[in-house]
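Tertiary structure, described
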Amino acid sequence: MEIYAKAARLFIAAALALAAAQMLGFHNPYWAAMPVWVVSQPIREDLLARGILRILGTLAGAGIGLLGLQYLNAPVPLALLAGATVAFGVGMAYRIGTTYSYGFTLIAITIGVILLPAIGMGADGVSMAIERLWCTLLGVVSVTLVTLASTPARSGPMPPRAVPFERQQLIRRVLISGGCAALGTLAVALTHEVVVMAGAMALIIYATIFSTLPEPRAVIRMVAPGVALGLAAAVLYRWIGFELHESRDAMLWLAMAFIACGALLRAHPRTTGLGLDSNMCFLLGAEVGAAGHPLHVTILSGAALLAGAIVISVIMWHATAPAAPKGPAPSA
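Residues numbered from 1 in each chain as written. Predicted model: local features only at pLDDT ≥ 70, side-chain atom pairs only at ≥ 80, totals over all residues. Heavy atoms only, no water.

1. Comments concerning a nonpolar patch on the surface
On the surface, a nonpolar cluster with roughly 580 Å² of combined accessible area is contributed by V126, I130, W134, L137, V141 and L145. Here L137 shows up in helix α6 (residues 125–147). (Patch = residues over 30% accessible without salt bridge, like charges linked within 9 Å, V, L, I, M, F, W, Y side chains within 5 Å. Areas by Shrake-Rupley, 256 points an atom, 1.4 Å probe, with all protein chains shown as cover. Salt bridge = Lys/Arg side-chain N within 4 Å of Asp/Glu carboxyl O. Helix = DSSP H or I, 4+ residues; strand = E, 2+ residues; numbered from the N terminus.)

Right, here's the structure in full:
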């Protein structure tokens, strides 16, 4: 019964944040539901810390992105800015190695969210950054209010870093994530294609997530299935809307059914990782509450996002492999 109660709380938090964002007239209200799946934690102190750090990290990443859009007007400088920001965020997050690294993770992710649509699709960076901040605040407040009372406090001291810090791993992760961000941003700036943007977004987001986790291989195993499930749900959602010619409000109610299923996946201990990726990718691919792209663009963009997630999963799987134990030197 506790699984269903937890799923109900997650559903209520996501639904409230999404509905509030749509009522406020935001162009991308699905951003408000995204923090719910990540900020929710089994320990109260971690829940509060994640909420605060998500807001601060989003604010910092959006600020850097806006400065870049204002003062850098060429593809290469913008790509270098994206690469440097992601490398910095990843480096700091990996160096910290605890829940308090989450703010730096959000700096790295947010720079991609702000730069790529503005560069590739001509979106208004200022309004997009402001909307992103408000949606983040809505999601954080919603999940905190709904889940705080039922989340137990930590019974002992905060656990230390999960695995020892390795300088070689730090350098490797910084180079991979920063390189992915720079190349992805440059590709979007040169092509101005929404499909390319989806693939680049996957590279930046998942390179950042994998690189900031102390031990990412357990997470990498579940990413491709989770992304595929979320994008399949997104295509089904958009297809239903296309076939029935539903209104924006009707589509919001339809989305609630998908979100309820996603909440169950996220709440169950065996599928929590799968539920995280599928929920995020459903919201992103379906563009819930937004005008959205035509169905064929949704399919192609989803395929590009899945391909990007698989590519970076393979790269990071090999890059984060544990070092082989040093045995005795062979005899002559």
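We are not done yet, so read on.
2. Observations regarding the pattern of salt bridges
Inspection of every chain in the model, using the stated rule, returns 2 salt bridges. Linking E2 and R9 is a salt bridge whose minimum nitrogen-to-oxygen distance equals 2.9 Å. The partner of D46 in a salt bridge is R154, and the shortest N-O contact between them spans 2.7 Å. Taken together, the residues span a long stretch of sequence, with D46 in helix α3 (residues 44–71) and R154 in the loop between α6 and α7 (167–191) at a distance of 108 residues. Under the relative-accessibility criterion, D46 is labelled buried at 12%. (Buried < 20%, exposed > 50% of the residue type's maximum accessible area, 1.4 Å probe, protein only.)

3. Side note on helix α11 (residues 272–286)
With 15 residues, α11 extends 21 Å from end C-alpha to end C-alpha; this agrees with the ideal 21 Å at 1.5 Å per step. Taken across its 15 residues, α11 has 11 buried, putting it largely inside the fold. Among the residues making up α11, those that are buried are L274, G275, D277, S278, N279, M280, C281, F282, L283, G285 and A286. Those residues of α11 that are buried lie in contact with α2 (34–39), α8 (194–212), α9 (217–244), α10 (248–267) and α12 (295–319). Positive phi shows up at E287, right after α11, with a value of about 50°. (Expected span 1.5 Å × (residues − 1). Contact = heavy atoms within 4.5 Å.)

4. Observations concerning unusual backbone geometry
Although it is not a glycine, H192 adopts a positive phi angle of roughly 55°. With respect to the helices and strands, the residue H192 is situated in the loop between α7 and α8. The backbone of E287 sits at a positive phi, close to 50°, despite the residue not being glycine.

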